[in-house]
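Analysis of the macromolecular model
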Amino acid sequence: MLADVVQSLSDEHVAVEGRLRMLEDAMEEPADGDLAWRDAELRSGVDYLARNLLPHLDREETEVFPEAVREPALSPLVAELQTHHEDLRRLLADAERAVDQEGPAAAMAPLGKLVELLREHIASEETALFPVLT
Ligand SMILES: [Fe+2]
Ligand SMILES: [Fe+2]
């Protein structure tokens, strides 16, 4: 049932937002702070997003967006959310590449953009999309 899918995606939003706060704490670690801790947090944050955010985006695209666009008035919103998904995937791929090739500190630029966009994106889904589907 769509309501169950939406509820489980909403639960995932809460979990991912908690993880975004941890990532921000790591990114705010001063340059003379505990850089080993910061780098471990950045690395595990990128892993977490690859394992949890990517399947979340896929589920929305296969189970929610097709239902939402049956209501023509929601089409512009869904198109905007779909663009966000593509930008989020690109930013996460950039962060993964940075971790692998240059080290975790180099992932902070794409991760900072990802955190900002993902917060805005989750807020749109929670306020403008999910309430009208359930
Ligand atoms: Fe989404
Ligand atoms: Fe979402």
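Residues numbered from 1 in each chain as written. Chains lettered and ligands numbered in written order. Predicted model: local features only at pLDDT ≥ 70, side-chain atom pairs only at ≥ 80, totals over all residues.

1. Section: the overall build of the chain
Along its length, the chain carries four helices and zero strands. Reading the helices (α) and strands (β) of the chain from amino to carboxyl end gives α-α-α-α. With respect to the principal axes defined by its C-alpha atoms, the chain has extents near 50 × 20 × 20 Å. Contacts spanning at least 24 positions in sequence make up 71% of the contacts within the chain whose residues lie at least 6 apart. (Helix = DSSP H or I, 4+ residues; strand = E, 2+ residues; numbered from the N terminus. Contact = placed C-beta atoms within 7 Å.)

2. Looking at the UniProt feature "domain: Hemerythrin-like" (unreviewed entry) in the chain
Under the local residue numbering, the UniProt record ascribes the feature "domain: Hemerythrin-like" (unreviewed entry) to residues 6-133. Secondary structure content for residues 6-133 is 85% helix and 0% strand, and the end C-alpha separation is 8 Å. (UniProt positions renumbered as here; feature names shortened; annotations may be inferred.)

3. Comments concerning the packing of helix 2 (residues 35-68) against helix 3 (residues 75-101)
Close contact between helix 2 and helix 3 brings their axes to 10 Å; oriented N to C, the two are set at 160°. By the angle between their axes, helix 2 is roughly antiparallel relative to helix 3. Read as a crossing pair, helix 2 and helix 3 show a hand that is left-handed. Residues Arg43, Val46, Leu49, Ala50, Leu53, Leu57, Glu61, Phe65 and Ala68 of helix 2 form the contact with helix 3, whose own contacting residues are Val78, Gln82, His85, Leu88, Arg89, Leu92, Ala95, Glu96 and Val99. When grouped by side-chain class, the residues that make up the contact of helix 2 with helix 3 number 12 nonpolar, two polar and four charged. (Axes fitted to C-alpha atoms, helices over the stretch in contact; angles between N-to-C directions. Parallel < 35°, antiparallel > 145°, perpendicular 65-115°, else oblique. Left-handed = near helix turned anticlockwise from the far one by under 90°. Nonpolar A, V, L, I, M, F, W, Y, C, P; charged D, E, K, R; others polar.)

4. Examining the nonpolar core
Ranked by size, the top nonpolar core spans 17 residues in total, and within it Val46, Leu92, Ala95, Ala107, Leu111 and Leu114 carry the most contacts. Listing elements by their share of this core, those giving two or more residues are helix 1 (2-27), helix 2, helix 3 and helix 4 (108-133). Top contributing element to this core by residue count: helix 3, with six residues. Residues in contact with Val46, not counting those within four places in the same chain, are Ala95, Glu96, Val99 and Ala107. (Core = buried A, V, L, I, M, F, W, Y, C linked by C-beta atoms within 7 Å. Buried ≥ 20, exposed ≤ 12 C-beta atoms within 10 Å, placed from the backbone.)

5. Remarks on the packing of helix 1 against helix 2
Packing of helix 1 against helix 2 brings their axes to within 10 Å, and their N-to-C directions diverge by 160°. When the axis of helix 1 is compared with that of helix 2, the two are roughly antiparallel. Considering the relative orientation of helix 1 and helix 2, their crossing is left-handed. Residues that form the contact of helix 1 with helix 2 fall into these classes: 12 nonpolar, three polar and eight charged.

6. Some details on helix 1
Taking 1.5 Å as the rise per residue, helix 1 with 26 residues should run 38 Å; its terminal C-alpha atoms sit 37 Å apart, in good agreement. Along helix 1, the residues that are buried comprise Val6, Leu23 and Ala26. The elements touched by buried residues of helix 1 are helix 2 and helix 4. (Expected span 1.5 Å × (residues − 1).)

7. Looking at the environment of Pro66
Along the chain, the position of Pro66 falls in helix 2. Separated by 52 residues in the primary sequence, Pro66 and Val14 have C-alpha atoms spaced 23 Å apart.

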